[in-house]
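Geometric and topological summary
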Amino acid sequence: MAKILTVFYSLKGETIAPGMKIVNLEKGHTAVAAEFIQKAVGGDIFEIETVKTYMEDHMKMIYEAKEELEKGIYPELRNYPNIDEYDTIILGYPNWWNTIPTPVFNFLQHYDWSGKRIIPFVTSGGSGLGKSVDDIRKICVGAEILDGGAFLGHEVEDSEQEIGDWAKEVLK
(Lines give C-alpha, C1' and ligand atoms only; values in the text may rest on other atoms or scores of the structure.)
Protein backbone atom coordinates (compact mmCIF):
# COMPACT_ATOMS: atom_id res chain seq x y z
CA MET A 1 0.00 0.00 0.00
CA ALA A 2 1.24 3.47 -0.89
CA LYS A 3 2.54 5.78 1.83
CA ILE A 4 0.70 9.02 1.05
CA LEU A 5 1.43 12.65 1.87
CA THR A 6 -1.12 15.26 0.83
CA VAL A 7 0.71 18.57 0.39
CA PHE A 8 -1.17 21.76 -0.35
CA TYR A 9 -0.78 25.49 -0.74
CA SER A 10 -3.88 27.59 -0.10
CA LEU A 11 -4.74 31.21 0.57
CA LYS A 12 -7.45 32.33 2.92
CA GLY A 13 -8.95 35.78 2.99
CA GLU A 14 -10.24 37.66 -0.02
CA THR A 15 -10.96 35.79 -3.22
CA ILE A 16 -13.20 36.18 -6.23
CA ALA A 17 -16.47 34.23 -6.34
CA PRO A 18 -18.73 33.78 -9.38
CA GLY A 19 -19.99 37.06 -10.77
CA MET A 20 -16.71 38.76 -9.74
CA LYS A 21 -18.03 39.03 -6.19
CA ILE A 22 -15.30 39.39 -3.54
CA VAL A 23 -15.72 36.97 -0.63
CA ASN A 24 -13.64 36.42 2.48
CA LEU A 25 -12.62 32.84 3.27
CA GLU A 26 -11.61 31.65 6.73
CA LYS A 27 -10.03 28.62 5.01
CA GLY A 28 -8.89 28.53 1.40
CA HIS A 29 -10.55 26.28 -1.18
CA THR A 30 -7.42 24.20 -1.71
CA ALA A 31 -7.07 23.59 2.04
CA VAL A 32 -10.66 22.32 2.19
CA ALA A 33 -10.11 20.02 -0.80
CA ALA A 34 -6.83 18.71 0.67
CA GLU A 35 -8.56 17.86 3.93
CA PHE A 36 -11.30 15.99 2.04
CA ILE A 37 -8.64 14.03 0.14
CA GLN A 38 -6.67 13.14 3.25
CA LYS A 39 -9.87 12.05 4.99
CA ALA A 40 -10.80 9.84 2.01
CA VAL A 41 -7.42 8.15 1.41
CA GLY A 42 -5.55 8.50 4.68
CA GLY A 43 -1.89 9.30 5.01
CA ASP A 44 -0.42 12.53 6.31
CA ILE A 45 -1.09 16.14 5.37
CA PHE A 46 1.24 19.15 5.11
CA GLU A 47 0.49 22.80 4.35
CA ILE A 48 3.03 24.84 2.38
CA GLU A 49 3.32 28.20 4.16
CA THR A 50 5.35 31.23 3.18
CA VAL A 51 7.33 33.43 5.55
CA LYS A 52 5.99 36.51 3.76
CA THR A 53 2.35 37.51 3.84
CA TYR A 54 0.63 38.24 0.55
CA MET A 55 -1.42 41.42 0.12
CA GLU A 56 -4.87 41.12 1.66
CA ASP A 57 -6.59 42.85 -1.28
CA HIS A 58 -7.18 39.99 -3.72
CA MET A 59 -6.95 42.12 -6.85
CA LYS A 60 -3.57 43.49 -5.73
CA MET A 61 -2.41 40.03 -4.64
CA ILE A 62 -2.99 38.48 -8.06
CA TYR A 63 -0.68 41.06 -9.63
CA GLU A 64 1.87 40.49 -6.86
CA ALA A 65 1.72 36.78 -7.79
CA LYS A 66 2.07 37.59 -11.49
CA GLU A 67 5.19 39.67 -10.83
CA GLU A 68 6.73 36.79 -8.83
CA LEU A 69 6.07 34.37 -11.67
CA GLU A 70 7.46 36.72 -14.32
CA LYS A 71 10.62 37.46 -12.31
CA GLY A 72 11.14 33.93 -10.98
CA ILE A 73 10.78 35.06 -7.37
CA TYR A 74 10.03 32.10 -5.12
CA PRO A 75 9.09 33.21 -1.59
CA GLU A 76 10.81 31.59 1.38
CA LEU A 77 8.82 28.80 3.01
CA ARG A 78 8.35 28.34 6.76
CA ASN A 79 9.42 24.69 6.62
CA TYR A 80 9.66 21.57 4.48
CA PRO A 81 8.43 18.09 5.34
CA ASN A 82 10.70 15.07 5.14
CA ILE A 83 9.28 13.24 2.12
CA ASP A 84 11.68 10.28 2.22
CA GLU A 85 9.13 7.88 3.71
CA TYR A 86 6.41 8.71 1.16
CA ASP A 87 6.06 7.22 -2.29
CA THR A 88 2.95 9.19 -3.29
CA ILE A 89 2.53 12.94 -2.97
CA ILE A 90 -0.91 14.39 -3.64
CA LEU A 91 -0.14 18.02 -4.46
CA GLY A 92 -2.83 20.71 -4.25
CA TYR A 93 -2.68 24.36 -5.21
CA PRO A 94 -4.77 27.18 -6.69
CA ASN A 95 -4.24 28.08 -10.34
CA TRP A 96 -2.08 31.21 -10.44
CA TRP A 97 -1.76 32.70 -13.89
CA ASN A 98 -2.25 29.31 -15.57
CA THR A 99 0.36 27.46 -13.48
CA ILE A 100 1.43 26.58 -9.94
CA PRO A 101 1.90 29.33 -7.35
CA THR A 102 5.47 30.49 -6.72
CA PRO A 103 5.53 28.94 -3.21
CA VAL A 104 4.78 25.57 -4.84
CA PHE A 105 7.64 26.12 -7.32
CA ASN A 106 9.90 26.69 -4.28
CA PHE A 107 8.62 23.54 -2.55
CA LEU A 108 9.11 21.34 -5.62
CA GLN A 109 12.63 22.63 -6.33
CA HIS A 110 13.70 21.62 -2.81
CA TYR A 111 13.60 17.84 -3.40
CA ASP A 112 14.94 14.96 -5.46
CA TRP A 113 11.74 13.46 -6.84
CA SER A 114 13.26 10.23 -8.22
CA GLY A 115 10.97 7.27 -7.65
CA LYS A 116 8.05 9.35 -6.31
CA ARG A 117 4.54 9.55 -7.72
CA ILE A 118 2.95 13.01 -7.77
CA ILE A 119 -0.79 13.45 -8.18
CA PRO A 120 -1.62 17.13 -8.70
CA PHE A 121 -4.96 18.78 -8.09
CA VAL A 122 -5.98 22.39 -8.54
CA THR A 123 -8.75 24.67 -7.37
CA SER A 124 -9.71 27.49 -9.68
CA GLY A 125 -12.50 29.68 -10.89
CA GLY A 126 -12.78 27.60 -14.05
CA SER A 127 -9.33 27.66 -15.65
CA GLY A 128 -8.47 24.15 -14.46
CA LEU A 129 -4.92 22.82 -14.39
CA GLY A 130 -3.62 25.18 -17.08
CA LYS A 131 0.03 24.37 -17.79
CA SER A 132 0.75 23.46 -14.18
CA VAL A 133 1.22 19.73 -14.79
CA ASP A 134 3.76 20.45 -17.55
CA ASP A 135 5.60 22.80 -15.18
CA ILE A 136 5.61 20.14 -12.45
CA ARG A 137 7.04 17.63 -14.93
CA LYS A 138 9.88 20.05 -15.77
CA ILE A 139 10.83 20.43 -12.10
CA CYS A 140 10.22 16.92 -10.77
CA VAL A 141 12.55 14.90 -12.97
CA GLY A 142 12.44 11.20 -12.16
CA ALA A 143 8.92 11.28 -10.71
CA GLU A 144 5.82 9.70 -12.18
CA ILE A 145 3.40 12.61 -12.55
CA LEU A 146 -0.25 11.89 -13.15
CA ASP A 147 -2.49 14.22 -15.16
CA GLY A 148 -4.29 15.46 -12.05
CA GLY A 149 -7.71 16.77 -11.16
CA ALA A 150 -9.39 20.15 -11.16
CA PHE A 151 -12.11 21.43 -8.86
CA LEU A 152 -14.05 24.68 -8.99
CA GLY A 153 -13.04 26.64 -5.92
CA HIS A 154 -16.49 27.99 -5.15
CA GLU A 155 -17.93 24.45 -5.23
CA VAL A 156 -15.28 22.72 -3.09
CA GLU A 157 -17.07 23.05 0.25
CA ASP A 158 -20.06 21.13 -1.15
CA SER A 159 -18.00 18.51 -3.02
CA GLU A 160 -16.51 16.28 -0.32
CA GLN A 161 -17.88 13.07 -1.88
CA GLU A 162 -16.75 13.97 -5.41
CA ILE A 163 -13.27 15.01 -4.28
CA GLY A 164 -12.85 11.95 -2.07
CA ASP A 165 -14.01 9.64 -4.87
CA TRP A 166 -11.54 11.28 -7.28
CA ALA A 167 -8.66 10.69 -4.87
CA LYS A 168 -9.59 7.05 -4.30
CA GLU A 169 -9.85 6.49 -8.06
CA VAL A 170 -6.47 8.01 -8.94
CA LEU A 171 -4.76 5.93 -6.26
CA LYS A 172 -5.97 2.63 -7.77
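What you see as residue numbers is a count from 1 along each chain, following the sequence as written. It should be noted that, the model being predicted, local features are given only for residues of pLDDT at least 70 and side-chain atom pairs only at 80 or more, the latter also being counted only at that level, while totals for whole chains, interfaces and linings use all residues. In computing side-chain properties, one takes all heavy atoms of the structure into account and sets aside hydrogens as well as water.

Angles shown run from 0 to 180 degrees and are taken between the N-to-C directions of axes, each axis being a line fitted to C-alpha atoms and, for helices, limited to the stretch in contact. Numbering of helices and strands runs from the N terminus, with a helix taken as a DSSP run of H or I at least four residues long and a strand as a DSSP run of E at least two residues long. Relative orientation of the contacting elements helix α3 (residues 102–109) and helix α4 (residues 132–139) amounts to 30°, with a least axis distance of 10 Å. In terms of their interaxial angle, α3 and α4 are classed as roughly parallel. The element α3 and its partner α4 pack so that their crossing is right-handed. Here Phe105, Leu108 and Gln109 of α3 lie close against α4, whose contacting residues are Asp135, Ile136 and Ile139. Each residue gets one label: Ala, Val, Leu, Ile, Met, Phe, Trp, Tyr, Cys and Pro are nonpolar, Asp, Glu, Lys and Arg are charged, and the others, such as Gly, are polar. Among the residues making up the contact of α3 with α4, the classes are represented as 4 nonpolar, 1 polar and 1 charged. We call two directions roughly parallel when the angle between them is under 35 degrees, roughly antiparallel when it is over 145, roughly perpendicular when it lies between 65 and 115, and oblique otherwise. Here a crossing is taken to be left-handed if its near helix is turned anticlockwise relative to the far helix by less than a right angle, and right-handed if that turn runs clockwise. Here a residue-residue contact requires only that any non-hydrogen atoms of the pair lie within 4.5 Å.

Turning to unusual backbone geometry, a few remarks are in order. Of all residues except glycine, most have a negative phi; of all peptide bonds, most are trans. A positive phi angle, close to 55°, is found at Trp97, a residue other than glycine. With phi around 75°, Asn98 is a residue other than glycine that occupies positive phi space. Whether a residue is buried, partly exposed or exposed follows from its accessible area with a 1.4 Å probe, protein chains only, as a fraction of its type maximum: under 20%, in between, or over 50%, in that order. Asn98 gets classed as partly exposed once you look at its relative accessible area, which sits at 36%.

Before going further, it helps to examine the packing of aromatic side chains. Working definition: a ring pair exists when centres of Phe, Tyr or Trp rings (six-membered ring for Trp) sit within 6.5 Å. Plane angles under 30 degrees give stacked, over 60 give edge-to-face, the rest tilted. Under the defined criterion, the tally for this structure stands at 11 aromatic pairs. Taking the centre distance of 5.4 Å and the plane angle of 70° together, the rings of Tyr111 and Trp113 count as edge-to-face. Ring-pair connections join several aromatic residues into one group, and the members of that group are Tyr80, Phe107, Tyr111 and Trp113. The criterion for a charge sitting over a ring is simple: Lys NZ or Arg CZ within 6 Å of the ring centre, and within 35 degrees of the ring normal. Positioned over the ring face of Tyr54 is Lys52, at 4.2 Å from the centre of the ring. Over the ring of Trp97 we find Lys66, and its NZ or CZ is 4.7 Å from the ring centre.

So, on to helix α2 (residues 58–71). One less than the number of residues in a helix, times 1.5 Å, gives the span that helix is expected to have. Between its terminal C-alpha atoms α2 stretches 20 Å, which fits the 20 Å expected from 14 residues at 1.5 Å a residue. Buried within α2 are the following residues: His58, Met61, Glu64, Ala65 and Glu68. For α2, the angular spread of the buried residues around the axis is 110°, confining them to a single face. With respect to the buried face of α2, the exposed residues turned more than 90 degrees away are Lys60, Glu70 and Lys71. Against the buried residues of α2 lie β2 (13–17) and α3. Under the rule applied, a polar contact is a pair of N or O atoms within 3.5 Å (in protein, one hydrogen donor and one hydrogen acceptor; residues adjacent in sequence only if both atoms are side-chain atoms). The backbone nitrogen of Met59 lies 3.0 Å from a side-chain oxygen of the residue at the head of α2, namely Asp57. Gly72 sits one or two residues past α2 and shows a positive phi near 65°. Working note: the arc is built from the helix axis to C-beta atom directions.

With that out of the way, let us pick up the nonpolar core. Ranked by internal contacts, the top residues of the largest apolar core, which has 30 residues, are Leu91, Phe107, Leu108, Trp113, Ile118 and Ile136. Of all the elements in the fold, those that place two or more residues in this core are β1 (4–8), α2, β5 (88–94), α3, β6 (117–124) and α4. In terms of residues, this core owes the most to one element, α3, which gives 4 residues. Aside from chain neighbours lying at most four places away, what touches Ile118 is Ile89, Leu91, Trp113, Ile136, Cys140, Ala143, Glu144, Ile145 and Leu146. The next biggest cluster of nonpolar side chains, apart from the first, holds 20 residues, and it includes Val32, Val41, Ile90 and Ala167. Nonpolar cores are built from buried Ala, Val, Leu, Ile, Met, Phe, Trp, Tyr and Cys residues. Side-chain atoms within 4.5 Å join them into one set.

Just geometry here; none of it tells us what the structure is for.
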